[in-house]
Amino acid sequence: MIAWKDFYAVMCAMIPLYFAMFLAYGSVKWWKIFTPEQCSGVNRFVATFAVPVLSFHFIAQNNPFQMDFRFLLADTLSKLFVLFLLFLWASFSAAACSSSRRRRRRLDWVITLFSVGTLPNTLVMGIPLLRAMYGDFTQSLMVQLVVLQCIIWYTLLLFLFEYRAATLMIQDQFPGAGAAAITKFEIDGDIISLDGRDPLQAESEIDAEGRIRVRIRRSTSSAPGSAISSSLGITPRRLSNISGAEIYSVNTPVRPAPPAEQQLTVRDITFGYRSASPYPSGYASSDAYSLQPTPRASNFNETEVVGTPAWARSPACRPTWNQSPAPSLVWPDGGQGDKDVGEEKDLSFRSTAKFVERKEDEQMAIEYDQDQEMPATRVMVRLILTMVGRKLSRNPNTYSSVLGLLWSLISFKWNLDMPILVKESIKIISDAGLGMAMFSLGLFMALQPRIIACGPKMAAISMSIRFLSGPMVMSAASMAVKLRGVKLHTAIVQAALPQGIVPFVFAREYGLHPDILSTGVIFGMLVSLPVTLLYYVLLGL
C-alpha cells in the first residue's frame, strides 16, 4: 500500500521538473520574454552541452559489471515482440496490396507505431521519477536502458528511416525494373542524409553489361541534369528543421523564396546542414535533443512556399521528368504571386511547404508502380549503413554515451577515480542538464500552434498505445523472464513514461507522421504524471 509520504516524495521529485517546463512555456506564450531565436540559443546549449554531459555523468557512474541482464532482457523482448507483430501485420497486409506505394505506407506505420509504443523518455523523466518511487537502485536500471536506447534502438530506428528514404529516392529516381541493375552507390562526404531535404543530384553511369553506378552529390543548380544526371533534390520547406537543439514551432515559416536561378544553390538552400560545415548532424543518439544550426528570426504568419521541383527520373531507366514551376508565394490573405500548375497536396504535418503533384507525373508514377524493383540487398545495406554512420558520427550525444560507457568500464575494472578537477567540471554542467531539458520542452510546447496536433481521434489512439499497450507488453515480457517484485513494478512504470524526444526529431526530419509524435511529446508530458502515479498506486496495492 502506498503511503502519503511515498506519494509526497514522488511529487517533490517531479514538481520541480514541471515547474521548469511551465516557466519556459509562460516565458514564451504569455510574458513574451523569449523570442524564437533566443529559444534556439537556449536549446543549442541544451543540445551541445547540458544533455550530453548529463548523459555522460549518469553512464560514467553506472557499474557495467553489475548490469541487471534479466531486466534488460525483459525490455529487449518487449521491443522485439512489438517489432515482430508490426512487421507480421505489414507483411500480411502488404501481400494483399498490388501497389508498392501501399506497401510503403505499411512500413511507415511500422516505424511510427514502434516509436510510439516502445521508446519513452527514459533519461529526462524516467530517472528522477522512478528513483523517487522505488529507490536509488532504479537509477542504475534506467541508465542501462538509456545505454541500450542510444546504442541499439535509436540506431535501429534511424536505420528504418534511412531505408525508407533510400526506397523513396530509388522509386522516384529509378522507377520500374531498372533499379535492380544498380550495383554501387557513391555518396559525397558532405551528404548526411537521403531524407530529401538537401538539394541532391544523382549521376548515373551504365557499363557495357547494363550495370548502373550512381553517384549522389549536392546539387548546385535547379536546372535539370545532363544526359547522365538528374535532380534528386526537393526544395527544403524552411532553412531550419525542428530538432531538439532548436525547438521551433512545427509551422515556423520559410523565408521568401530566392530567384529561380539561385534557389537550389548550396549556399542559399540547405536544410540544417551546410556544405563543409563544422556543425554536427541534427540527430541525437540519446533521449535528448539534437543539434542544428541556428535558424533565422521568425514570426508565425508569413509566406508559404508552394511548388517544389519534381524528382526527375533517371535517363538510365525512364525518360527524364521535367521540373515543376518555380515556387510561388502564398500570403496570409490567400493571394499568391503565381499560379500553380497541378493540384496542391499538403504532404506534411502543419508544414509551411506544400508540394505540387502534376497529374501527368502522378499517372506515370502509377504506371511504374506495378513493376518497381530495388537494388540488391548488399547494395542497399551498404548505402543505409553509410548514411546512419554519418549521422551518428556528427552528434555530441553519440560521443558522450560512448565515452561514458568506456570510462565506466575502465574505472570500475581498475577502481580508478576521475580527477576532482574533471569531475567537478562535469558535475556543474550535468546538474543543470535535467532542468534545462525540461525548460527546452516548455519552449517547444509554447511554440506549437496546437497541443493536440494530430486530432482527438489519433491522439487517443497514440496515447492508448503509449500508456496502455506499452506497459501491458512490458509486463508480459517481464513475467516471461520471471522478473518479480519492485523490478517488475519499475519495468511497467518506465514503459508508461511519455514519448521520447528523439523519435519526434526523426519523424519531423523525414516527414513521417510528425503530428502524432509531436502530440506524444507535448500531450504525453502533461498526462504522464497522473498516469504513472496511477500505475504506482495500483501496483502498490
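It should be emphasised that the depicted structure is a prediction, and the values quoted were computed from it without experimental measurement. (Residues numbered from 1 in each chain as written. Predicted model: local features only at pLDDT ≥ 70, side-chain atom pairs only at ≥ 80, totals over all residues. Heavy atoms only, no water.)

This paragraph deals with the pattern of salt bridges. Here the structure, examined in full by the defined rule, presents 10 salt bridges. Lys 487 is paired through a salt bridge with Asp 68; the nearest N and O atoms lie 2.4 Å apart. Here the residue Lys 487 occupies a position in helix α12 (residues 485–495), and Asp 68 occupies one in the loop between α2 (36–61) and α3 (69–95), the gap between them amounting to 419 residues. (Salt bridge = Lys/Arg side-chain N within 4 Å of Asp/Glu carboxyl O. Helix = DSSP H or I, 4+ residues; strand = E, 2+ residues; numbered from the N terminus.)

For the structure on display, the rule yields 11 aromatic pairs. Look at Phe 45 and Phe 49: their rings are 6.2 Å apart centre to centre, the planes differ by 40 degrees, and that puts the pair in the tilted class. Taken as a pair, Phe 45 and Phe 49 lie in helix α2 at a separation of four residues, close to a single helical turn. Exposure remark for Phe 45: the relative accessible area of 33% places this residue in the partly exposed category. Their ring planes at 65 degrees and their centres at 5.9 Å tell us that Phe 161 and Phe 506 sit as a pair that is edge-to-face. (Phe/Tyr/Trp six-rings, centres within 6.5 Å; stacked < 30°, edge-to-face > 60°. Buried < 20%, exposed > 50% of the residue type's maximum accessible area, 1.4 Å probe, protein only.)

Considering every residue of the protein, the mean pLDDT works out to 76; 70% of them sit at 70 or more. A low-confidence stretch, residues 221–361 stays under pLDDT 50, and its non-local contacts, those more than four residues away or across chains, total 394 contacts. (pLDDT = per-residue confidence, 0-100. Contact = heavy atoms within 4.5 Å.)

Our focus in this paragraph is the packing of helix α10 (residues 420–446) against helix α14 (residues 514–539). Between α10 and α14, the shortest axis-to-axis distance is 11 Å and the interhelical angle comes to 115 degrees. Of the two possible hands of crossing, α10 and α14 adopt the one that is left-handed. Across the interface between the two elements, Met 438, Leu 441, Phe 444 and Met 445 of α10 pack against Ser 518, Val 521, Ile 522, Met 525 and Leu 526 of α14. (Axes fitted to C-alpha atoms, helices over the stretch in contact; angles between N-to-C directions. Left-handed = near helix turned anticlockwise from the far one by under 90°.)

Between helix α13 (residues 501–510) and α14, the least distance of the axes is 9 Å, while the angle of their chain directions is 155 degrees. Classified by the interaxial angle, the pair formed by α13 and α14 is roughly antiparallel. As α13 packs across α14, the resulting crossing turns out to be left-handed. On α14, the residues touching Ile 501, Pro 503, Phe 504, Ala 507 and Arg 508 of α13 are Pro 514, Leu 517, Ser 518 and Val 521. Residues belonging to the contact of α13 with α14 are distributed by class as follows: seven nonpolar, one polar and one charged. (Parallel < 35°, antiparallel > 145°, perpendicular 65-115°, else oblique. Nonpolar A, V, L, I, M, F, W, Y, C, P; charged D, E, K, R; others polar.)

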